[in-house]
Amino acid sequence: MKAFAYVNAANEKEALAALGAERGKFLPLAGGMDLLALMKDYILQPDRLVNVKNLDATIAATPDGGFRIGAAVKVIDLAEHAGVSKAYPALVQAASEVGTPQIRNAGTLGGNINQRPRCWYFRNEEFDCLKKGGSRCFAVDGENQYHAIFGTGPCHIVHPSSLAVPILAYGGRFRIAGPSGERDVSAADFFVMPDKNLYGENVLAPNELVTHVILPAPRNARSATYEVRFKQSHDWPLAIVSAVLSMEGGAVRSATIVMGAVAPVPWRAAAAEAILAGGPVTEETATRAADAAVKDAKPMSENAYKVQVARTAVKRAILKAAGIAVA
Ligand SMILES: Cc1cc2nc3c(=O)[nH]c(=O)nc-3n(C[C@H](O)[C@H](O)[C@H](O)COP(=O)(O)OP(=O)(O)OC[C@H]3O[C@@H](n4cnc5c(N)ncnc54)[C@H](O)[C@@H]3O)c2cc1C
Ligand code: SF4
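Just so it is clear, the structure is predicted and the values come from calculations on it, not from any experiment.

Asker: When you look at the site of ligand 1 in this model, what are you seeing that I'm missing?
Answerer: If you check the shell around ligand 1, you find 32 residues, and the closest are Pro 28, Gly 32, Asp 34, Thr 108 and Ser 162. Separating an oxygen atom of ligand 1 from a side-chain N or O atom of Asn 112 is a distance of 2.9 Å. Isolated, ligand 1 exposes 990 Å² of accessible area, and the fraction of that covered by the protein chains is 92%. Where the shell around ligand 1 is concerned, the elements lending two or more residues are β2 (26-29), α7 (109-114) and β8 (209-215). In terms of residue count, α7 provides more of the shell around ligand 1 than any other element does, four residues in total.

And the structure:
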């Protein structure tokens, strides 16, 4: 590993002061689950690491009935929080499935949202791919069985964060702090496709930090997350879907369906949402919504199987949210 300086920032202000504008030179270090592995593999070689474990690590209810969750909250504390579990079951279900107990104990919310892609070409120093400033995407003609089935490139990663999926489905927002103050960005605008930012996966500038996730009041929504993994492994999901159904009596007033592990960003399934709106959830509407969710998928040479996996995950997430037993 290349030698680096370490700044043990005591708070947000000190952390921001220790970061810099040059991409890749100054990096926030949270639980280190992802960042240290990338450094050991010579994929990232920062000059300075800035400890951000002293950012806010609290989970607090907001006056409007929502929640404000600090970036330094551990994944395990999110998964075990009674208030969050009651208000946002889809988030707790996703958090409970992240990695292993050890990973959930070390990993933070901020680190999970900002973790880098798992593409094996990206993570291998021998492959100087587009995302690392090279001239081609090796996944296009290569081993792309875990890559995207949505999006048009030029990079075909799938976004690795399981927590990003329910956060987007609940209409969450991120508080971002930087040298010139703070801003508030919706999850829908935070994650960006590779044609907008090839070298990162979101709108954060190198000298900015995610400090909080802000979730609106759940009101009378029913919600759930369903994910499909390879066997029962602790690896990232092949597909993960969060369904949030705003109910009016027994009918869905509006639905938000977000698919993860299928595109470079958490992928909203608007066509599925339209099918669910205005009626009760049944096996038949869930099936039609699932079909619509994957209708425009464009699998690569090795990952057509993911279309069916995603389709099943959409259907089961909807049924689970509606409280209908998944067959
Ligand atoms: C075997 C294994 C299985 C896993 N399975 C899953 C899974 O199923 N689903 C899933 O979602 N994750 C999974 N993970 C990923 C794991 O949850 C993340 O690596 C972890 O959450 C990263 O958190 P961290 O706090 O360790 O971040 P770090 O490794 O410290 O940081 C990760 C990245 O985020 C940046 N960063 C950290 N905090 C901030 C901040 N506040 N603002 C801006 N940037 C920041 C860092 O600079 C770095 O680039 C798995 C990991 C392993 C090793
Ligand atoms: S999918 Fe993206 S990260 Fe992977 S090889 Fe292609 S350009 Fe690189």
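Asker: How should I be thinking about the pattern of salt bridges in this particular structure?
Answerer: Where charged atoms from two side chains of opposite charge approach closely, those side chains can pair. According to the stated counting rule, one finds 17 salt bridges in the structure shown. We note a salt bridge from Arg 118 to Asp 34, for which the minimum N-O separation is 3.5 Å. A residue pair is termed long-range when its members are at least 10 positions apart, and Arg 118 in the loop between α7 and α8 (164-169) and Asp 34 in the loop between β2 and α2 (35-40) qualify at 84 residues. For Asp 34, a relative accessible area of 14% translates into the label buried. Between Glu 182 and Arg 175 there is a salt bridge whose closest N-O contact spans 2.8 Å. Taking the relative accessible area as the measure of exposure, Arg 175 reaches 10% and is therefore buried.

Asker: Is there a simple way to explain the pairing of strand β6 (residues 173-178) in this structure?
Answerer: Of all six residues making up β6, five are buried, and the element is well covered by its neighbours. The pairing of β6 with strand β7 (residues 181-186) spans six bridges and is classified as antiparallel. Looking at the pairing, Gly 178 lines up with Gly 181 of β7. Between β6 and β7, which pair antiparallel and follow one another directly, the connecting turn spans two residues. Summarising the sheet, β6 and β8 pair through five bridges and their orientation is antiparallel. Opposite Arg 175, over in β8, you have His 212 as the bridge partner.

Asker: I would appreciate a short explanation of the pairing of strand β11 (residues 251-260) in the present structure.
Answerer: A regular strand places its side chains so that they alternate between the two faces of the sheet. Most of β11 sits out of view: seven of its 10 residues are buried. Here strand β10 (residues 239-248) pairs with β11 via nine bridges, running antiparallel. Paired with Ser 246 across the two strands is Ser 254, which belongs to β11. Hairpin remark: β10 followed by β11, antiparallel, with two residues in the connecting loop; positive phi at Gly 249, about 65 degrees. Turn length for the β11-strand β12 (residues 267-268) hairpin, with the two strands adjacent in sequence and antiparallel, is six residues, and the turn residue Ala 261 shows positive phi of about 65 degrees.

Asker: Is there a simple way to explain unusual backbone geometry in this structure?
Answerer: Glycine aside, residues mostly have negative phi angles, and peptide bonds mostly take the trans form. Omega for the bond connecting Gly 153 with Pro 154 falls within 30 degrees of zero, at 10 degrees, which places this linkage in the cis form. Within the fold, Pro 154 resides in the loop between α7 and α8. A positive phi angle is found at Ala 261, which is not glycine, with a value near 65 degrees. Tracing the chain through its elements places Ala 261 in the loop between β11 and β12. Ala 261 gets classed as buried once you look at its relative accessible area, which sits at 7%.

Asker: Can you help me understand the site of ligand 2 in this one?
Answerer: Cys 119, Tyr 121, Phe 122, Cys 129, Leu 130, Lys 131, Cys 137, Phe 138, His 147, Cys 155, His 156 and Ile 157 make up every residue found near ligand 2. Classifying every residue of the shell around ligand 2 by side-chain character gives nine nonpolar, two polar and one charged.

Asker: Sorry if this is basic, but what is going on with helix α12 (residues 305-321) here?
Answerer: Think of an α-helix as turning once every 3.6 residues; residues three or four places apart then point the same way. Spanning 17 residues, α12 covers 25 Å between terminal C-alpha atoms, matching the ideal 24 Å at 1.5 Å per step. Those residues of α12 that fall on the buried side of the exposure criterion are Lys 306, Val 307, Val 309, Ala 310, Ala 313, Val 314, Ala 317, Ile 318, Leu 319 and Ala 321. Its buried side turned inward, α12 meets β9 (221-228), β10, β11, α10 (270-276) and α11 (283-294). Directly beyond the C-terminal end of α12, a positive phi value near 75 degrees is found at Gly 323.

Asker: Teacher, can you tell me more about the packing of aromatic side chains here?
Answerer: Here the distance between the centres and the angle between the planes together describe a pair of aromatic rings. Going through the model one piece at a time under the given rule, you end up with 10 aromatic pairs. Aromatic side chains Phe 67 and Tyr 88 sit 5.9 Å apart centroid to centroid with 85 degrees between the ring planes, which places their arrangement in the edge-to-face category. Of this pair, Phe 67 sits in strand β5 (residues 67-70) while Tyr 88 sits in the loop between α4 (82-87) and α5 (89-96), placing them 21 residues apart in sequence. One exposure class covers both Phe 67 and Tyr 88, and it is buried. Note on Phe 174 and Phe 190: the rings are 4.5 Å apart at their centroids and 45 degrees apart in plane angle, and the pair reads as tilted. With Phe 174 in strand β6 and Phe 190 in helix α9 (residues 187-190), the pair connects residues that are 16 residues apart, well separated along the chain. For Phe 174, a relative accessible area of 0% puts it in the buried group.

So, how was this worked out
Residues numbered from 1 in each chain as written. Chains lettered and ligands numbered in written order. Predicted model: local features only at pLDDT ≥ 70, side-chain atom pairs only at ≥ 80, totals over all residues. Heavy atoms only, no water. Near = heavy atom within 4 Å. Polar contact = N/O pair within 3.5 Å; in protein donor to acceptor, adjacent residues only side chain to side chain. Areas by Shrake-Rupley, 256 points an atom, 1.4 Å probe, with all protein chains shown as cover. Helix = DSSP H or I, 4+ residues; strand = E, 2+ residues; numbered from the N terminus. Salt bridge = Lys/Arg side-chain N within 4 Å of Asp/Glu carboxyl O. Buried < 20%, exposed > 50% of the residue type's maximum accessible area, 1.4 Å probe, protein only. Pairing = 2+ DSSP bridges. Nonpolar A, V, L, I, M, F, W, Y, C, P; charged D, E, K, R; others polar. Expected span 1.5 Å × (residues − 1). Contact = heavy atoms within 4.5 Å. Phe/Tyr/Trp six-rings, centres within 6.5 Å; stacked < 30°, edge-to-face > 60°.

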